[in-house]
Amino acid sequence: MYQIVRKEVFSPTIKLMDIKAPDVARKVQAGQFIILRIDEHGERIPLTVADFDREKGIITIIFQEVGYSTIALGKLEAGQYLLDFVGPLGEATQVENFGKVVCVGGGVGIAPVYPIARALKEAGNEVISIIGARTKELLFWEEEMKAISDRLFVATDDGSYGRKGFVTDILKEVIAEGNVARVWGIGPVVMMRAVSEVTRPSGIKTIVSMNPIMVDGTGMCGACRISVGNETKFACVDGPEFDGHLVDWDLALRRSIMYKDEEKRAMAKGQCGGGCGCH
Amino acid sequence: MGAAQSIKEYNNLPAICGRVCPQENQCEKYCVIGKKGDPVAIGRLERFAADYAMEHDSSKPERVPSNGKKVAVVGAGPAGLTCAGDLRKMGYDVTVFEALHVPGGVLMYGIPEFRLPKAVVQKEIDTLRDLGVEIKVNSVIGKIDNVNELLEQGYDAVFIGTGAGLPYFLNIPGENYNGVYSANEFLTRVNLMKGYLFPEYATPVKVGRRVAVCGAGNVAMDAARTALRLGAEEVYIVYRRSQAEIPARHEELEHALEEGVQLKLLTSPVEVLGDENGWVRGIKCLRYELGEPDESGRRRPIPIEGSEFVMEVDTVVMAIGQGPNPLVPSTTKGLETTKWGNIVADEETGQTSLEGVFAGGDIVTGAATVILAMGAGKKAAQAIDAYLKRKQNN
């Protein structure tokens, strides 16, 4: 059992949890993910690590309530336990001194971008970060990102905070300044695709972090297959980070909605509010 | 009870062996009674004796005192659990590291409930725990600690039994359409995650009306029979040779046919076809004929030119075999592997290229049977015992 030692509610649908998982915290690196299971009936939920504290044995996760299982997760409080928590899974981010790098986090993708940007900064890079969300309520960790970035830009689609527009609008301007060696773009599939399209003409290497449907997370089932440079890859062991210019985005989008109907059924089942013992 | 006791002296998992081992090839084939009529149904007897003991014997096995030596076992499948049980009985302190959230390996995620009830596996695992075997789930060796680090941390020996956990695909166009599963994924969703109880259990599994299972081994039969139970109307085994060459146990094939699984023999898919939403709508297949025997002794299937046809299906399960999962071999420094990624280990002892590191089961042999993996675990336990005694005496 893995205790939730702290919970922070950023917005009604975006929440942070610190989980006591010393084995994971000992070895985890930026870019890797964990898989958790709430209880005996739960599915295995993959989440990219948002932060870690090796000494305290803590892994921080941030998630958006988008479906049955993440809503159930959001109902748990500090002091309660998760049944299963396994990691670190996947390959770590390749961190070197590249020079000038841009880290773009869209929506809940700000969470996994944070430790990557921090590691890049520690490796001596000039780190320019761009974070954005649909609206102000869905933004978080502005201060945290500012603290580890040389420059930070913030955008909201509706203009309720920061610049009105998309993270890609700002990214274009930063690239126009010149000398960008590498870009990280993490967020929803459409956002990562947009980031990759912005950098494609200039050929700036762009790393995205794929979060497809997974089951075991150790390369055993192949549920997470994506196509990269016309080659099938398992995101769980070959990734989760890939070259955004080589990812087959249409395929990734199609595969991400494979269980849309089932998700609706599960949600309908949970409409009584869950946790009530009536189902 | 006496029978169960006798079996358990040699076999840590009799209720499992009685159900899934191919006795017709192992022992019943050689049975002298079989020369005049049917052989002694030793598999069924083993199953009964083990089940009877499980139900009626509430006594716990006696715990052997610790000899102070520690052994790590990587992977809680048939090989690892057997090795762990034997070593514990010899007095070693054994810790088993399992990547998934339950121990059992293929017995839990792969073999379906109707063939091997999970409660039976759980009981056998409980017995190992009663013996004093420590099992750590959610522990991915290679990611938390690697094998070299386990040795540095004070384990006197390591046994690797990580199995054949890498699903193969056919590498044909369209394999990533929605509705194409590896057998591993399909069976894991159903067995390990209890997808058949969705939405009570949160992991969904999707089975359409017409299902093609590519391949004809035991795993293919499990997948086909599972698909029927999940409500598929038509389930086909698509296999490029003829019925005589089907690699599944005769018993498994018989059950599948009895239940209504249909065989599409001398047929192999060349492309998966999708609809405008990216879902499977069929598979394009070629017909085959059998030529001369190949190196496996089976007649080689030869495609018939121009024989292409389309099978309309909405779910495809690829059950064409599994390779060695690379997670542990690739993170262990100094461990020799074959070009296919299997760990090189001595057939008799399981000794690998690294001192103190032993391996057995599918990670060494490639995908095989539960009993072979258990045998390898058993031999390795003997070899580890001999190695550690030798080391102590030097």
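Computed from a prediction, not measured in an experiment: that's the story for all the values here.

Undergrad: So what about the side chain of His101 of chain B? Which residues, and what values?
TA: Tracing the sequence through the fold places His101 of chain B in the loop between strand E2 (93-97) and helix H6 (106-109). Take His101 of chain B: its relative accessible area is 7%, and that puts it in the buried class. A distance of 2.8 Å separates the side chain of His101 of chain B from the side chain of Arg44 of chain A, its partner in a polar contact. In contact with His101 of chain B, other than residues within four places in its own chain, are Arg37, Arg44 and Asp84 of chain A together with Val137, Asn138, Leu192 and Met193 of chain B.

Undergrad: Summarise the packing of aromatic side chains; cite the residues concerned and give the values.
TA: Tallied over the full model, the rule gives ten aromatic pairs over all chains. A centroid spacing of 4.9 Å and a plane angle of 5° characterise the contact between Phe10 of chain A and Phe140 of chain A, whose relative ring orientation is stacked. Linking Phe10 of chain A in strand E1 (residues 2-11) with Phe140 of chain A in the loop between strand E10 (126-133) and helix H4 (142-148), this pair joins segments that are 130 residues apart in sequence. Arranged with centres 5.8 Å apart and planes meeting at 35°, the rings of Phe48 of chain B and Tyr52 of chain B form a pair that is tilted. You can see Phe48 of chain B and its partner Tyr52 of chain B sitting in helix H4 (residues 42-56), four residues apart, about one turn around the helix. Judged by its relative accessible area of 35%, Tyr52 of chain B is partly exposed. In textbook terms, an aromatic cluster arises when at least three aromatic residues are bridged by ring pairs, as seen for Phe10, Tyr114, Phe140 and Trp141 of chain A. For the cation-ring pair, Lys70 of chain B lies above Tyr155 of chain B, with the distance from its terminal atom to the ring centre recorded as 4.5 Å. Just above the ring of Phe114 of chain B sits the side chain of Arg229 of chain B; from NZ or CZ to the centre is 3.6 Å.

Undergrad: Which residues make up the packing of helix H6 (residues 189-199) of chain A against helix H8 (residues 249-256) of chain A, and what are the values?
TA: Two numbers describe a pair of packed helices, the interaxial angle and the distance between the axes. Residues and elements named next belong to chain A. Direction vectors running N to C along H6 and H8 enclose 175°, while the axes themselves pass 10 Å from each other. Here H6 is positioned roughly antiparallel relative to H8, judged by the angle of their axes. On H8, the residues that touch Val189, Val190, Met192, Arg193 and Ser196 of H6 are Trp249, Asp250 and Leu253. Residue composition of the contact of H6 with H8, by class: five nonpolar, one polar and two charged.

Undergrad: If you had to explain the sheet that holds strand E7 (residues 210-214) of chain B to someone new, which residues and values would you point to?
TA: Residues and elements named next belong to chain B. Read from one edge to the other, the open sheet built from five strands follows the order E6-E14-E7-E8-E9, with strand pairing classed as parallel. Each edge of the open sheet carries a strand with a single partner, namely strand E6 (180-182) and strand E9 (262-264). Across the sheet, the mean angle separating the axes of adjacent strands is 25° when strand polarity is ignored. As judged from the three bridges shared by strand E8 (residues 234-238) and E9, these two strands associate in the parallel manner. Each residue of the ladder has a partner; that of Ile237, found in E9, is Leu263. The strands touched by helix H10 (residues 218-229) within the sheet are E7, E8 and strand E14 (315-318), with E8 carrying the most contacts at an inclination of about 170°.

Undergrad: Requested: an account of the nonpolar core, with residues and values cited.
TA: Ranked by internal contacts, the top residues of the largest apolar core, which has 52 residues, are Val102, Val104, Leu171 and Met210 of chain A together with Ile283 of chain B. Per element, the largest residue contribution to this core is five residues, and it comes from helix H5 (residues 167-177) of chain A. Each of domain 1 (2-89) and domain 2 (100-256) of chain A contributes no fewer than three residues to this core. Every residue in contact with Met210 of chain A, bar those within four places of it in the chain, is listed here: Met192, Ile226, Ala235, Pro240, Phe242, Val247, Trp249 and Ala252 of chain A. Grouped together as the second largest cluster of nonpolar side chains are 41 residues, Ala84, Ile135, Ala380 and Tyr387 of chain B included.

Undergrad: Tell me what's going on with the interface of chain B and chain A, and back it up with residues and numbers.
TA: Residue-level contacts link 45 residues of chain B with 44 residues of chain A. Taken together, the two surfaces of chain B and chain A that pack against each other cover about 3,800 Å², and 53% of this comes from carbon and sulfur. It is Asn138, Lys143 and Asn176 of chain B in chain B that bury the most area against chain A; as a group they hold 18% of the surface buried on that side. At the boundary of chain B and chain A, one finds six salt bridges. For Lys136 of chain B, the salt bridge identified is with Asp23 of chain A, shortest N-O distance 3.8 Å. For the interface between chain B and chain A, the tally reads 24 residue pairs in polar contact (both at pLDDT 80 or more).

Undergrad: Can you lay out the environment of Lys136 of chain B for me, pointing to particular residues and giving the numbers?
TA: Structurally, Lys136 of chain B is set in strand E3 (residues 134-136). Separated by 138 residues in sequence, Lys136 of chain B and Gly274 of chain B place their C-alpha atoms 42 Å apart.

Undergrad: How would you explain a nonpolar patch on the surface if you had to name every residue and give the values?
TA: Residue and element names in this part refer to chain B. A cluster of nonpolar side chains, contributed by Val32, Ile33, Val40, Ile42 and Leu45, occupies part of the molecular surface with about 430 Å² of accessible area. Looking at the secondary structure, you find Val40 in the loop between helix H3 (23-26) and H4. Assessed through its relative accessible area of 36%, Val40 is described here as partly exposed.

Undergrad: How would you summarise helix H3 (residues 110-122) of chain A if you had to cite specific residues and measurements?
TA: Since there are 3.6 residues in each turn of an α-helix, residues three or four apart along the chain are aligned in direction. All names here are of chain A. With 13 residues, H3 extends 18 Å from end C-alpha to end C-alpha; this agrees with the ideal 18 Å at 1.5 Å per step. By the criterion of burial, H3 is predominantly enclosed, with eleven of the 13 residues buried. For H3, the complete set of buried residues consists of Ile110, Ala111, Pro112, Val113, Tyr114, Pro115, Ile116, Ala117, Arg118, Ala119 and Leu120. Gly124 lies just past H3 and shows a positive phi near 100°.

Undergrad: Give a detailed account of the side chain of Asn342 of chain B, specifying residues and quantitative values.
TA: All names here are of chain B. With respect to the secondary-structure elements, Asn342 resides in the loop between helix H12 (327-331) and strand E16 (357-359). The exposure class of Asn342 is buried, given its relative accessible area of 9%. Non-local contacts of Asn342, meaning those with residues more than four positions away in its chain, are made with Pro324, Glu336, Thr337, Asp362, Ile363, Val364, Thr365 and Gly366.

Undergrad: I'd like a rundown of the confidence of the model for chain B, residues and numbers included.
TA: All names here are of chain B. On average, residues of chain B carry a pLDDT of 91, and 98% of them reach 70 or more. Highest mean pLDDT in chain B belongs to E7 (98); lowest belongs to H3 (68). Interface confidence for the predicted complex, expressed as ipTM, amounts to 0.91; the pTM equals 0.91.

Undergrad: Which residues make up the sheet that holds strand E6 (residues 58-64) of chain A, and what are the values?
TA: Residues and elements named next belong to chain A. Taken together, the five strands give an open sheet; going across it, the order is E5-E6-E2-E1-E7, and neighbouring strands pair in antiparallel fashion. Across the chains shown, the open sheet's two edge strands, defined by having one partner strand only, are strand E5 (51-53) and strand E7 (81-82). Where E5 meets E6, three bridges bridge the pair, whose relative direction is antiparallel. Bridge pairing links Asp51 to Thr60 in E6.

Undergrad: Report on the pattern of salt bridges, specifying residues and quantitative values.
TA: Enumeration according to the criterion identifies 37 salt bridges over all chains in this entry. Here Arg37 of chain A makes a salt bridge to Glu40 of chain A, at a shortest N to O gap of 3.8 Å. By relative accessible area, Arg37 of chain A is classed as buried at 4%. A salt bridge links Glu143 of chain A to Lys146 of chain A; the shortest N-O distance between them is 3.9 Å. Residue Glu143 of chain A and its partner Lys146 of chain A are located together in helix H4, separated by three residues, close to a single helical turn. By relative accessible area, which is 42% here, Lys146 of chain A ends up partly exposed. A single network of salt bridges, built from pairs that share partners, joins Arg115, Asp222, Arg225, Arg229, Arg249, Glu251, Glu252 and Glu259 of chain B.

What counts, and where the lines are drawn
Residues numbered from 1 in each chain as written. Chains lettered and ligands numbered in written order. Predicted model: local features only at pLDDT ≥ 70, side-chain atom pairs only at ≥ 80, totals over all residues. Heavy atoms only, no water. Helix = DSSP H or I, 4+ residues; strand = E, 2+ residues; numbered from the N terminus. Buried < 20%, exposed > 50% of the residue type's maximum accessible area, 1.4 Å probe, protein only. Polar contact = N/O pair within 3.5 Å; in protein donor to acceptor, adjacent residues only side chain to side chain. Contact = heavy atoms within 4.5 Å. Phe/Tyr/Trp six-rings, centres within 6.5 Å; stacked < 30°, edge-to-face > 60°. Lys NZ or Arg CZ within 6 Å of the ring centre and 35° of its normal. Axes fitted to C-alpha atoms, helices over the stretch in contact; angles between N-to-C directions. Parallel < 35°, antiparallel > 145°, perpendicular 65-115°, else oblique. Nonpolar A, V, L, I, M, F, W, Y, C, P; charged D, E, K, R; others polar. Pairing = 2+ DSSP bridges. Core = buried A, V, L, I, M, F, W, Y, C linked by side-chain atoms within 4.5 Å. Domains from an automatic or database assignment. Buried area = accessible area lost by both parts, 1.4 Å probe. Salt bridge = Lys/Arg side-chain N within 4 Å of Asp/Glu carboxyl O. Patch = residues over 30% accessible without salt bridge, like charges linked within 9 Å, V, L, I, M, F, W, Y side chains within 5 Å. Areas by Shrake-Rupley, 256 points an atom, 1.4 Å probe, with all protein chains shown as cover. Expected span 1.5 Å × (residues − 1). pLDDT = per-residue confidence, 0-100.

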